[in-house]
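Structural overview
Below are the chains, spelled out letter by letter.
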Amino acid sequence: MRRRGTRSAPASQCENLVPLATDLRRTPGYEEATRVDLTAAAYRQERRSSWQDPDHRITLPYYGFGHVELFNHHADETFGDWSRWAAQKYPGYEQLCGATNAGADVRFTAPQAWKTRLPEELYSTHYVAERSEEFIRRRAAKGDGKPFFLQCSFPDPHHPFTPPGRYWGMYSPQDVAAPPTCHEPGVGAPPHLRWIHEERRQGQSVLTSQRMFAVDEREAREMIALTYGMITMVDDAVGRILQALREAGLEDDTVVVFTSDHGDFMGDHGLMLKGPLHYQGLVRVPFIWADPAEKCAGARSAGLASSVDIARTVLARAGIAPVNGMQGRDIVGLQGRGDRATGPEAVLIEEDNQRAYLGFKEPVRARTLVTACHRITLYRGADWGEIYDLHDDPLEQENLWDRDPALRSRLLELLARKMMDSFDRSPRPTHVA
């Protein structure tokens, strides 16, 4: 809900907010979606260093939310309100966290995979479920019938790969299938893909950071197996939250949305984590909308949609007008009206990366357009690009950039028009020059 497509967020931006809640009413002062000073104190309150102060609290309202329980980072290395909760549950919990305190398991030797000593009941996924259940019970106890918005944001599944307790060895790497493209690229592969694999062959990859790296099939199988464990724990937590809704008598009056901000390579093209290579495993994300008022239960759509549509869709369902400059469309409303023909011809993905790598001398900047049949990606500073036929080549192995100039011309024009349509139109002009 925070990005267009798979656009990368700044490292200082908090990605895990739980739970967030407020009454669904128009908030004064939000008529314009304007930019603010990103160096302001409000942006420093999410940093780990800020939480070293025992009196530190999130300043409210926080992005319009009136109640916030926040934690940041991933795996067993999270911090924030979770840290204080964990300290109350288990003083000295810090000695259970991180790779240096991990247990041993010879089955898993992949980078960033360690057997956390945190028990399930202290792990971040459990925390999200517990605090969300408590919020639901508290709202139901009020009995005022007022609407609310609750965001339950799980850090997992994400690297480092540290599912706790029974979820650690729940899936065996030997039983997991690696992607069919999990191998080193051929000589005809795009330069950036060959670069990342050559970096690993030369032993120059940094395997402990957020930056993507190349993997072999064994490593991919291990990471996938551990990710399945994290996903299963999240599934169980979601089940607990939905049960709390049922017990509170809110099941038939609550819209439930399940989605994610991005995918993960998970061995696709021999890659792990995420980065400015917009393969389908990275840019396709789940979106489930469960609405007791909808009559099209179980309906599926093959139409194109983007993360930028989610906020607009939620506001439309709540009967709240969008701010000036807000992009996106109400995808559920269009689906319910059978209005799929009015959907976009393509979706845009914009990525301004923080790192200069993949053979680029400056931080990588990429613009991607995905249509029903093709994906085209253009890189700043490169005289090459990528075009794949998603129908005939769903694994994106045959780059058509140089093979079909006419197709490239059509897609580049469509990309330019889509970027023009997506131009930020806020704040609203007040005078005519």
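For the structure itself, consult the block above.
Quick look at the structure, then.

This part is about the packing of aromatic side chains. Inspection of every chain in the model, using the stated rule, returns 15 aromatic pairs. With a centroid separation of 5.6 Å and 70° between ring planes, the pair formed by Phe135 and Phe148 is classed as edge-to-face. With a gap of 13 residues between them, Phe135 in helix H3 (residues 124-142) and Phe148 in the loop between H3 and helix H4 (191-201) connect regions that are remote in the sequence. Overall, Phe135 belongs to the buried group, its relative accessible area being 5%. With a centroid separation of 6.1 Å and an interplanar angle of 40°, the aromatic rings of Phe360 and Trp384 are classed as tilted. With a gap of 24 residues between them, Phe360 in the loop between strand E8 (346-352) and strand E9 (365-371) and Trp384 in the loop between strand E10 (374-379) and strand E11 (385-389) connect regions that are remote in the sequence. A residue is classified by how much of its surface remains accessible, and Trp384, at 17% relative accessible area, is buried.

This part is about the pairing of E10. With five of its six residues buried, E10 lies for the most part within the structure. Bridge count for E9 against E10 is five bridges, and the pairing is antiparallel. What sits directly across from Leu369, in E10, is Ile376. The hairpin formed by E9 and E10 contains two residues between the paired strands. Relative to E11, E10 runs antiparallel, the two sharing five bridges. Within the sheet, the bridge partner assigned to Leu378 lies in E11 and is Gly385. Where E10 folds back onto E11 in an antiparallel hairpin, the turn is made up of five residues, including Gly381, whose phi is positive at roughly 85°.

Another point: the sheet that holds E11. The four strands lie next to each other as E8-E9-E10-E11, forming an open sheet whose pairing is antiparallel. Either end of the sheet is taken by a strand with one partner, and the two such strands are E8 and E11. On average, each strand axis in the sheet is tilted by 10° relative to the strand beside it, whichever way the strands run. Sitting on the sheet, helix H9 (residues 405-421) is in contact with E8, E9, E10 and E11, with an inclination near 105° to E9.

Right, let's get into helix H5 (residues 217-247). For H5, with 31 residues, the first-to-last C-alpha span of 45 Å sits near the 45 Å given by 1.5 Å per residue. One side-chain oxygen at the N-terminal end of H5 lies 3.2 Å from the backbone nitrogen of Arg218; it belongs to Asp216. Positive phi appears at Gly249, one or two residues downstream of H5, with a value of about 75°.

Conventions and cut-offs
Residues numbered from 1 in each chain as written. Predicted model: local features only at pLDDT ≥ 70, side-chain atom pairs only at ≥ 80, totals over all residues. Heavy atoms only, no water. Phe/Tyr/Trp six-rings, centres within 6.5 Å; stacked < 30°, edge-to-face > 60°. Helix = DSSP H or I, 4+ residues; strand = E, 2+ residues; numbered from the N terminus. Buried < 20%, exposed > 50% of the residue type's maximum accessible area, 1.4 Å probe, protein only. Pairing = 2+ DSSP bridges. Axes fitted to C-alpha atoms, helices over the stretch in contact; angles between N-to-C directions. Contact = heavy atoms within 4.5 Å. Expected span 1.5 Å × (residues − 1). Polar contact = N/O pair within 3.5 Å; in protein donor to acceptor, adjacent residues only side chain to side chain.

Keep in mind that these numbers describe shape and distance, not what the molecule does.
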